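# Observations on chain architecture
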Amino acid sequence: MDQQITVVGEGAVTAAPDVMRLNAGVEVRKASAGEAFAAVRQAAARLAEALRAAGIAAGDVRTTELSLGPEYEAYPKIAGYRAAQGVEAVVRDLSTADRVIDTVAGVGEEARLNGVTFEVSDPGQALVQARARAFADATARAGQYAELAGRPLGQVVSVTEEVRSGPQPLMLAAAEAKDSVSPGRATLSVAVRVVYAF
């Protein structure tokens, strides 16, 4: 009967994010559904134009929400109608991030800023390093267990990887610095399950 030892190794690296995803949109409340929908579509057109003027390519903007529904004063009495349209805009030049956010806020009272997410557009090299660290960690753990058991560690039987983290969200907050939005550093981590003959 083959005997095996299974361990999980972990490895992490940090990298500088180079892309920001801005979640924004427009929202209106009107007396009728038709008025609300027409108003939100007009506001959404202004938002799209503002994003283009801020340098965001059309392919880097996608609709994330389109909704219309009643709001109740006291059910079933309808007080009005709420319409919303949300977008996600990819900002590929982080030096323009604050300007893009200010541009969206300047669309008008219908504008909504829901948050930003930073990410590394090409995490390949960072993940190569994280994998190496995870495998080394697994090997060290397996070696320690083999030594504690007084047995030699055999060959690798199987390896299974799990990428554990992606973009980390950062909610918008007021700041007094000239650039109020900062990407910081992103941590990319990998866990690897390694089975050794034992």
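A brief structural summary. In this text, all values refer to a predicted model and were calculated from it rather than measured experimentally.

Definitions and cut-offs
- Numbering of residues starts from 1 in each chain and follows the order in which that chain's sequence is written.
- Given that this is a predicted model, residues contribute local features only at a pLDDT of at least 70 and side-chain atom pairs are listed and counted only at 80 or more, while totals for whole chains, interfaces and linings are drawn from all residues.
- Side-chain measures here rest on the full set of heavy atoms in the structure, leaving out hydrogens and waters.
- The term salt bridge refers to a side-chain nitrogen of Lys or Arg lying within 4 Å of a carboxyl oxygen of Asp or Glu.
- Only DSSP runs of H or I reaching four residues or more are called helices, and only runs of E reaching two or more are called strands; each is numbered from the N terminus.
- The cut-offs for exposure are 20% and 50% of the maximum accessible area for each residue type, with area from a 1.4 Å probe on protein chains only; residues under the lower value are buried, those over the upper are exposed, and the others partly exposed.
- Two N or O atoms count as a polar contact when they lie within 3.5 Å, although within protein this holds only if one can serve as hydrogen donor and the other as acceptor, and sequence-adjacent residues are included solely when both atoms are side-chain atoms.
- Helix axes use the C-alpha atoms of the stretch in contact, all axes being lines fitted to C-alpha atoms, and the angles between their N-to-C directions lie in the range 0 to 180 degrees.
- Each angle is binned into one of four classes, with values under 35 degrees roughly parallel, values over 145 roughly antiparallel, values of 65 to 115 roughly perpendicular, and all other values oblique.
- By convention the crossing between two helices is left-handed if the near helix lies anticlockwise of the far one by an angle smaller than a right angle, and right-handed if it lies clockwise.
- Residues are treated as being in contact if the distance between any of their heavy atoms lies within 4.5 Å.
- A pair of strands is considered paired only if DSSP assigns at least 2 bridges between the two.
- What a helix is expected to span follows from its residue count: subtract one and scale by 1.5 Å.

## As for the pattern of salt bridges
- On inspection of all chains with the given rule, the structure shows 14 salt bridges.
- Across the salt bridge formed by R29 and E71, the nearest N and O atoms sit 2.9 Å from each other. One end of the pair, R29, is in strand 2 (residues 19–30); the other, E71, is in strand 3 (residues 61–74), and 42 residues separate them in sequence.
- Overall, R29 belongs to the partly exposed group, its relative accessible area being 45%.
- In the salt-bridge network here, residues are joined through shared partners; they are E27, R29, E65, E71, R82 and R112.

## Brief notes about the side chain of E119
- Tracing the sequence through the fold places E119 in strand 5 (residues 111–119).
- The exposure class assigned to E119 is buried, which follows from its relative accessible area of 16%.
- Looking at E119, its side chain comes within polar contact range of the side chain of R21, at 2.8 Å.

## Some words on unusual backbone geometry
- Geometrically, the link from Y75 to P76 is a cis peptide bond, its omega value of 10 degrees lying close to zero.
- On the secondary structure map, P76 appears in the loop between strand 3 and strand 4 (77–91).

## So, the packing of helix 1 (residues 33–53) against helix 2 (residues 97–105)
- Their axes nearest at 9 Å, the elements helix 1 and helix 2 cross at an angle of 155 degrees. By the criterion of interaxial angle, the relationship of helix 1 to helix 2 is roughly antiparallel. Considering only the axes of helix 1 and helix 2, their crossing is right-handed. Here helix 1 contributes L47, A50, L51 and A53 to the contact with helix 2, which in turn contributes R99, V100, T103 and V104.

## Description of the pairing of strand 2
- Pairing of strand 2 with strand 5 involves eight bridges; the strand directions are antiparallel. From the neighbouring strand, M20 faces strand 5, where its bridge partner is F118.
- When strand 2 meets strand 4, the two strands line up antiparallel, connected through 11 bridges. For R21, the partnering residue across the bridge sits in strand 4 and is V90.

## A short note on helix 1
- Compared with an ideal rise of 1.5 Å per residue, which puts 21 residues at 30 Å, helix 1 spans 30 Å between its outermost C-alpha atoms and is within 8% of the ideal.
- For helix 1, the secondary structure elements touched by its buried residues are strand 2, strand 3, strand 4 and helix 2.

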